[in-house]
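# Structural description and commentary
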Amino acid sequence: YFAMGFFETIMPLWSEARFGWGPRDIGLCFTYLGLVVAITQGYLVGKLAPRFGESKLVLGGVAAYCFGLLWMTQSPGWLSMMFGITFTAGGGAISVTNMTSLVSRQAGEHERGLVLGVYNSSAWMGRFMGPPVSGLLFQTVAVQAPLYAAAGIMFACFWAVRALRAHFRRTAAAAPPPPPGPPS
């Protein structure tokens, strides 16, 4: 969410600096981004989750987000940049939706509300801290710096999710089998 806070808030300044976009262009871009997110969360995630599993989708979503950011930094024009936006928006939608589901299932029944509350609070903390850091990078380092930094954060997240998946697989393999049910 920290990286998402970088991208979402710097996008208008970045696209103005890179492509000379004004409010109309930014509005159209965010409308497209919103449509990609709505279709991804409202349709694709429900179709993909049973087939691939939530943890694989989190990995794929984080990778797509990172790819989209890096693609955007190299885009020479709006069409190429919108290609990158598609990956960033779709990847964000896939990873956020599935991560929330995974977090809720890792918590016990009586602690689920607390765990989801802490998870959502940390998500908002990232979105709160991301914009000033992104603006500082944009203003003091380079126009592209917030996107590169966000991609670096997402790259680290990718490896963290991979490590968690491996840990959960090892834990599940080491767990004793459930006791047999009552005889029928």
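Going by the structure above, here's the rest.
Below you will find a few notes about this structure. (Residues numbered from 1 in each chain as written. Predicted model: local features only at pLDDT ≥ 70, side-chain atom pairs only at ≥ 80, totals over all residues. Heavy atoms only, no water.)

## Overview of the environment of Trp 71
- By the element assignment, Trp 71 lies in helix α3 (residues 54-74).
- Excluding anything up to four places from it in sequence, Trp 71 contacts Ser 80, Phe 83 and Gly 84. (Helix = DSSP H or I, 4+ residues; strand = E, 2+ residues; numbered from the N terminus. Contact = heavy atoms within 4.5 Å.)

## A look at a positive patch on the surface
- A grouping of Lys 56, Arg 162, Arg 169 and Arg 170 is seen on the molecular surface, where their side chains present a positively charged patch.
- Position of Arg 170 among the secondary structure elements: in helix α6 (residues 145-174). (Patch = residues over 30% accessible without salt bridge, like charges linked within 9 Å, V, L, I, M, F, W, Y side chains within 5 Å. Areas by Shrake-Rupley, 256 points an atom, 1.4 Å probe, with all protein chains shown as cover. Salt bridge = Lys/Arg side-chain N within 4 Å of Asp/Glu carboxyl O. Lys, Arg positive; Asp, Glu negative; His and termini not counted. Charge placed at Lys NZ, Arg CZ, Asp CG, Glu CD.)

## Points about the packing of aromatic side chains
- Overall, the coordinates contain nine aromatic pairs when judged by the stated rule.
- When the centroid spacing of 5.7 Å and the interplanar angle of 40 degrees are considered together, the rings of Phe 67 and Trp 71 count as tilted. Placement of both Phe 67 and Trp 71 in helix α3 is noted, with a separation of four residues, approximately one turn of the helix.
- One aromatic cluster is present, formed by Phe 67, Trp 71, Phe 83 and Phe 87 through successive ring pairs.
- Of note, Arg 127 hangs over the ring of Trp 124, and the distance from its end group to the ring centre comes to 5.8 Å. (Phe/Tyr/Trp six-rings, centres within 6.5 Å; stacked < 30°, edge-to-face > 60°. Lys NZ or Arg CZ within 6 Å of the ring centre and 35° of its normal.)

## With respect to the nonpolar core
- In terms of nonpolar packing, the biggest core is built from 32 residues, with Phe 7, Met 11, Trp 14, Trp 21, Met 72, Met 81 and Ile 85 touching the most fellow members.
- Contributing elements (two or more residues each) for this core: α1 (2-19), α2 (23-52), α3, α4 (78-106) and α6.
- Among the elements that line this core, the one with the most residues is α1, at eight residues.
- Excluding residues within four positions of it along the chain, Trp 14 makes contact with Phe 19, Met 72, Thr 73, Met 81, Phe 138, Val 143, Gln 144 and Leu 147. (Core = buried A, V, L, I, M, F, W, Y, C linked by side-chain atoms within 4.5 Å. Buried < 20%, exposed > 50% of the residue type's maximum accessible area, 1.4 Å probe, protein only.)

## Thoughts on the pattern of salt bridges
- Overall, the coordinates contain one salt bridge when judged by the stated rule.
- Between Glu 8 and Arg 127 there is a salt bridge, and its shortest N-O distance comes to 3.2 Å. Here Arg 127 lies in helix α5 (residues 112-140) and Glu 8 lies in helix α1, a separation of 119 residues in the sequence.
- Relative accessible area serves as the criterion here: at 33%, Glu 8 is assigned to the partly exposed category.

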